[in-house]
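Each chain, letter by letter, is given below.
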Amino acid sequence: MADRIAEIWGSRTPYARDGLWPVRVDQALDGGLAEADVDRWVQSACVLCSNGCACDIAVKDGAMVGIRGRAGDLVNHGRLGPKGLFASWQGVSHKDRLTSPLIRENGRLVECSWDTAMERIVGRSRQLLQERGPLSHGFYTSGQLFLEEYYALAVIGKAGIGTPHMDGNTRLCTATAAAALKETFGADGQPGAYQDIDHCDAIFLYGHNMAETQTVLWSRVLDRIAGPDRPLVVCVDPRDTEVARHADVHLAVKPGTNLALMHALVREILHNGWEDGGYLGEHTLGLEDLRKTVEPWTAEAAAETCGVAADDIRKAARIFGTSGRVLSTVLQGFYQSSQATASSCQVNNLHLLRGMLGRPGAGILQMNGQPTAQNNRECGADGDLPGFRNWENEDHIKDLARLWKVDPAIIPHWAPPTHAMQIFRYAEQGSIEFLWVSATNPAVSLPELPRIREILAKPELFLVVQDLYLTETAQAADVVLPAAGWGEKTGTFTNANRTVHLSDKAVEPPGEARPDLEIFLDYSRRMDFRTEEGEPLLRWRGPEEAFEAWKECSRGRPCDYTGISYERLRGGSGIPWPCNGENPDGRVRLYEDGVFPTEPDYCENYGHDLLTGAAIPPAQYKALAPAGRAILRSAPYTPPHEEPDREYPLRYTTGRTAYHFHTRTKTGRSKPLTAAAPKAWVEMAAEDAAAMGISEGDVVRVTSRRGRIEAPVRVSGIRPGSVFAPFHYGYWDSADGPGEHPTAANELTITEWDPVSKQPVFKNAAVKVERIAGAAGPAPAPTTTASRPTGDAQVPATVGGRDAEASEVPSPGLPPQFPGAISSGATGSDAATPDATGGPR
């Protein structure tokens, strides 16, 4: 049995190109329990990364006691990662949970009734709407709610209140994914699918440490690599990640130089004649402008800027240009860096140049980092309009107004939607006086934390926080609302490759905690939001009615859900959208026909200047006459706004570890995961550490122009000149907040964002490092991931303990609902009941 702390990706089940990924069912049960002890298994999917792994929740005596992967699901084929195994039910079944509402009295948070809490919220909300109007209100939500909850919030904000000040922490995570897809293809939505791993000849990972951010997806890649015809792997990352260790080419670029590298790759494709001229002529616009932009970027020019070898750039380009089927994945190394949208669009451009879309093994995954980030974008609880509608298209506004039965004028569309960083700026300036934060923790996750703490603490700001635990943000709130968590409510969510899953309620939430949907509906009722016909704006009585309303909103749009129902989602695999009359079982890949949603009357936006962020006027866009063609967008390379100098000589970047999720609200309450990565650390290259007289475990102070952190050093395989810190570690589990020894990575990051996606830049900052204490032992960083040590330091290996037990049951075949299955493959922890393993839909 594999130690799933030490062996994050589990045991190997190799398979060949164009084969089916073998089933392996991963399971964890509470200590001392066996399968026979479980009362029932309840269908769900894991919410601890964006992969969307289908699973079943074990219930005994009314409590969640375990989890297992669903063998019949096309996303994970039964597998689960360490976070799913050790922080799913464990992360919500904890004594620290909020169980009753809290209000601030005399500077302290005290318990109260739901009526008291909601009356205080509604009273302040009504007062501000009457005195100041809708622009006084802001909503900042998450990538972790259910689709039904996002849609309710979107209708409340856009049709009940009429505020443009709505966004989510998806702005920190996936805003660039959405922006790049809109700029190139006309609308959001991943062109590729996870199944493309099964068919590709090469896989490119751009700023995507898949091994730690989507562990089950990386297991799929590892199984292809272990097979008889492994795909070639190209990794773009400044750290020596697990991905880099398996790469045929590792491009360890300087943080902030991604666009220069991408220009060189595009130029190599064009200069070597590897492009598909026929496809380009029929299905794209903008080729000549792209040629002009990339022409100065020879491999040598990019090598000098990026700090990599020119031959490696050429080798990577040759792999892309000559492989039959290429899959590209992109994540935070591009999204949270300088010129994020421009860099990500070049990934799209590479695929368009080769006509490498819409067929098995040839696709793009502009990935998400959160489980339901896609739903936030689809439903419009962020800066988008529901159903991928265009806020500059009057017909789209009228369509929403008809659907919601409200005056079109109330739906905010007179200016661009307000992004997260601007929402907090308005709160800082005082124009936003009511801010409702749900299921996110900006006091740790936003850049330049000293500033954010000051904003949240402003006495003029009425702050509502809706969450599972008393987070750092909740501690600053005027009202805290206890929310139900995973397994305690019913709803749907959509993963990064558009697959929709249903999560059924398994147990009751603790105390007086309520589902987020119920909280939003209660607020709407108490505010008495009504349609033009005098009916309640939101008449839904539960999640299924909300889902049916959403289906109507999605009808005819790129993310069409009209063919999906709760009934269809129960018992089988998840279903990818669009799912409608034309695609009754959902569409695995988009753009097979080379027709893109760029028509002016249909597209999600009209595009931007990728350098400045200036919006392209509708008339100018229409003059392009895109006629369903994709647009090859580009921009000149510019250096990051903050470069190393004499005072701050090193480049600072942040990221994740495989053992934690976001600000550790759930994973930090898991003993096995906390044991694997208990405290904050920073990483330095061996030559930088040696030059400063720093050894493994020494405590250092890392300082930027905005703040400082203090933590032990892990001497790792990061590129020289760079410093890395994991962003998970805040202060909820410390006695005095930052105190004299701050550890939150975002104490140092800069208040800067991409001009198009508005995604903050977490990957570029200038810092200095000084040793402040000797080592008391090795750094508390795992040895199993990109943070593994280098050099001669004696560091104990990261292993699981008594509380870290999980089982793996390999299967020789696939369940019957898999195309081409030859046997049921159900052994060991695979139950024979349809609700557990997934029978026919």
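Higher on the page you've got the structure.
A brief structural summary. Note that this is a predicted model, so its numbers are computed, not measured.

## Comments concerning the overall build of the protein chain
- Helix and strand counts for the protein chain come out as 27 helices and 28 strands.
- Here the protein chain has a C-alpha radius of gyration of 25 Å; the compact-globule value for 841 residues is 28 Å, and the two agree.
- Here the C-alpha coordinates of the protein chain stretch approximately 65 × 65 × 65 Å along the principal axes.
- Scored against the burial criterion, the 841 residues of the protein chain give a buried share of 66%.
- A total of about 26800 Å² of accessible surface is found on the protein chain, and carbon and sulfur atoms cover 49% of it.

## Some words on the sheet that holds strand β17 (residues 479–482)
- The sheet built from seven strands is open, its strands ordered β6-β5-β17-β16-β15-β7-β8 with mixed pairing. The sheet is open, and its two borders are formed by β6 (108–111) and β8 (166–168), each paired with just one other strand. Pairs of neighbouring strands in the sheet enclose a mean axial angle of 20°, with direction left out of account.
- Note that strand β7 (residues 137–141) and strand β15 (residues 434–438) share four bridges and pair parallel.

## Brief notes about the sheet that holds strand β28 (residues 807–810)
- Taken together, five strands build an open sheet; the order of strands is β2-β3-β4-β1-β28 and the sheet is antiparallel. Sheet topology places β2 (40–45) and β28 at the edges, where each strand pairs with a single neighbour. Put simply, the sheet's adjacent strands are angled 25° from each other on average, direction ignored.
- Two elements, strand β1 (residues 24–29) and β28, share four bridges in a ladder whose sense is antiparallel.

## A short note on the nonpolar core
- Counting residues in each nonpolar core, the largest one holds 131 residues, and the members touching the most others are Phe-185, Phe-204, Tyr-206, Leu-251, Leu-265 and Ile-313.
- At nine residues, helix α9 (residues 258–271) tops the list of elements feeding residues into this core.
- In this structure, Phe-185 is in contact with Pro-191, Asn-348, Leu-352, Leu-357, Ile-364, Tyr-591, Phe-596, Pro-597, Thr-598 and Ala-630, ignoring residues within four places of it in sequence.
- Ala-152, Ile-411, Ala-546 and Ile-564 belong to the second largest nonpolar core, which has 62 residues in total.

## A closer look at the side chain of Thr-653
- Here Thr-653 shows up in strand β22 (residues 650–655).
- Residue class for Thr-653 comes out buried when judged on its relative accessible area of 5%.
- Thr-653 has contacts with Val-723, Phe-724, Ala-725, Phe-762 and Lys-763, leaving out every residue within four places of it along the chain.

## Quick word on a negative patch on the surface
- There is a patch of like negative charges on the surface, built from Glu-394, Asp-395, Glu-599 and Asp-601.
- Tracing the backbone shows Glu-394 in helix α17 (residues 394–404).
- The exposure class of Glu-394 is partly exposed, given its relative accessible area of 44%.

## A few points about the pairing of strand β16 (residues 462–467)
- Within β16, six of the six residues are buried, which leaves the element mostly enclosed by the surrounding structure.
- Both faces of β16 are covered, namely the face carrying Phe-462, Val-464 and Gln-466 and the face carrying Leu-463, Val-465 and Asp-467.
- Here β15 pairs with β16 via five bridges, running parallel. The partner of Ser-438 across the bridge, within β16, is Gln-466.
- Sheet topology note: the β16/β17 ladder contains four bridges and is parallel.

## Some details on unusual backbone geometry
- Following Trp-577, the chain continues to Pro-578 via a peptide bond in cis, the omega torsion being 0°.
- Of note, the phi angle at His-77 is positive, near 50°, even though the residue is not glycine.
- Relative to the elements of secondary structure, His-77 occurs in the loop between β4 (63–69) and α1 (82–87).
- Relative accessible area serves as the criterion here: at 2%, His-77 is assigned to the buried category.

## With respect to the pattern of salt bridges
- Within this structure, the stated rule accounts for 69 salt bridges.
- With a closest N to O distance of 2.9 Å, Arg-220 and Asp-198 form a salt bridge. Here the residue Arg-220 occupies a position in helix α7 (residues 215–225), and Asp-198 occupies one in helix α5 (residues 196–199), the gap between them amounting to 22 residues.
- What makes Arg-220 buried here is its relative accessible area of 1%.

## Some details on the packing of aromatic side chains
- According to the stated counting rule, one finds 24 aromatic pairs in the structure shown.
- Centroid distance Tyr-140 to Phe-424: 5.3 Å. Interplanar angle 90°. Geometry classified as edge-to-face. Of this pair, Tyr-140 sits in strand β7 while Phe-424 sits in helix α18 (residues 420–429), and the two are 284 residues apart along the sequence. Taken as a pair, Tyr-140 and Phe-424 share a single burial class, namely buried.
- Considering the side-chain rings of Trp-436 and Tyr-523, the 5.0 Å spacing of their centres and the 75° angle between planes classify their relative orientation as edge-to-face. Of this pair, Trp-436 sits in strand β15 while Tyr-523 sits in helix α21 (residues 516–527), placing them 87 residues apart in sequence.
- Given a relative accessible area of 1%, Trp-436 falls into the buried group.
- Linked through ring pairs, Phe-139, Phe-434, Trp-436, Phe-462, Phe-520, Tyr-523 and Phe-529 together constitute an aromatic cluster.
- Looking at Arg-68, its charged tip hangs above the ring of Trp-41, at a distance of 3.7 Å from the centre.
- Seen from the ring of Tyr-602, Arg-557 lies directly overhead, with NZ or CZ sitting 4.6 Å from the centre.

## Regarding the environment of Leu-461
- The topology assignment puts Leu-461 in the loop between α20 (449–456) and β16.
- For the pair formed by Leu-461 and Cys-200, sequence separation is 261 residues and the distance between their alpha carbons is 52 Å.
- Residues contacting Leu-461, with those up to four places away along its chain left out, are Ala-427, Ile-432, Glu-433, Phe-434, Leu-435, Ile-455, Leu-456 and Asp-478.

## Quick look at helix α3 (residues 147–161)
- Compared with an ideal rise of 1.5 Å per residue, which puts 15 residues at 21 Å, α3 spans 20 Å between its outermost C-alpha atoms and is within 8% of the ideal.
- Counting buried positions along α3 yields 15 of 15 residues, so the element is predominantly enclosed.
- In the stretch just after α3, Gly-162 is the one whose phi turns positive, near 85°.

## Side note on the packing of helix α12 (residues 299–306) against helix α13 (residues 310–322)
- One can describe the packing of α12 onto α13 by two numbers: an axis separation of 8 Å at closest approach and a directional angle of 120°. Taken together, the axes of α12 and α13 are oblique relative to one another. The way α12 lies across α13 gives a crossing that is right-handed. Two secondary-structure elements touch here, α12 through Ala-299, Glu-300, Ala-302 and Ala-303 and α13 through Ala-310, Ile-313 and Arg-314.
- Residues belonging to the contact of α12 with α13 are distributed by class as follows: five nonpolar, no polar and two charged.

Definitions and limits used
Residues numbered from 1 in each chain as written. Predicted model: local features only at pLDDT ≥ 70, side-chain atom pairs only at ≥ 80, totals over all residues. Heavy atoms only, no water. Helix = DSSP H or I, 4+ residues; strand = E, 2+ residues; numbered from the N terminus. Rg over C-alpha atoms; globule rule 2.2 N^0.38 Å. Buried < 20%, exposed > 50% of the residue type's maximum accessible area, 1.4 Å probe, protein only. Areas by Shrake-Rupley, 256 points an atom, 1.4 Å probe, with all protein chains shown as cover. Pairing = 2+ DSSP bridges. Axes fitted to C-alpha atoms, helices over the stretch in contact; angles between N-to-C directions. Core = buried A, V, L, I, M, F, W, Y, C linked by side-chain atoms within 4.5 Å. Contact = heavy atoms within 4.5 Å. Patch = residues over 30% accessible without salt bridge, like charges linked within 9 Å, V, L, I, M, F, W, Y side chains within 5 Å. Salt bridge = Lys/Arg side-chain N within 4 Å of Asp/Glu carboxyl O. Lys, Arg positive; Asp, Glu negative; His and termini not counted. Charge placed at Lys NZ, Arg CZ, Asp CG, Glu CD. Phe/Tyr/Trp six-rings, centres within 6.5 Å; stacked < 30°, edge-to-face > 60°. Lys NZ or Arg CZ within 6 Å of the ring centre and 35° of its normal. Expected span 1.5 Å × (residues − 1). Parallel < 35°, antiparallel > 145°, perpendicular 65-115°, else oblique. Left-handed = near helix turned anticlockwise from the far one by under 90°. Nonpolar A, V, L, I, M, F, W, Y, C, P; charged D, E, K, R; others polar.

Worth remembering: the numbers are spatial, not functional.
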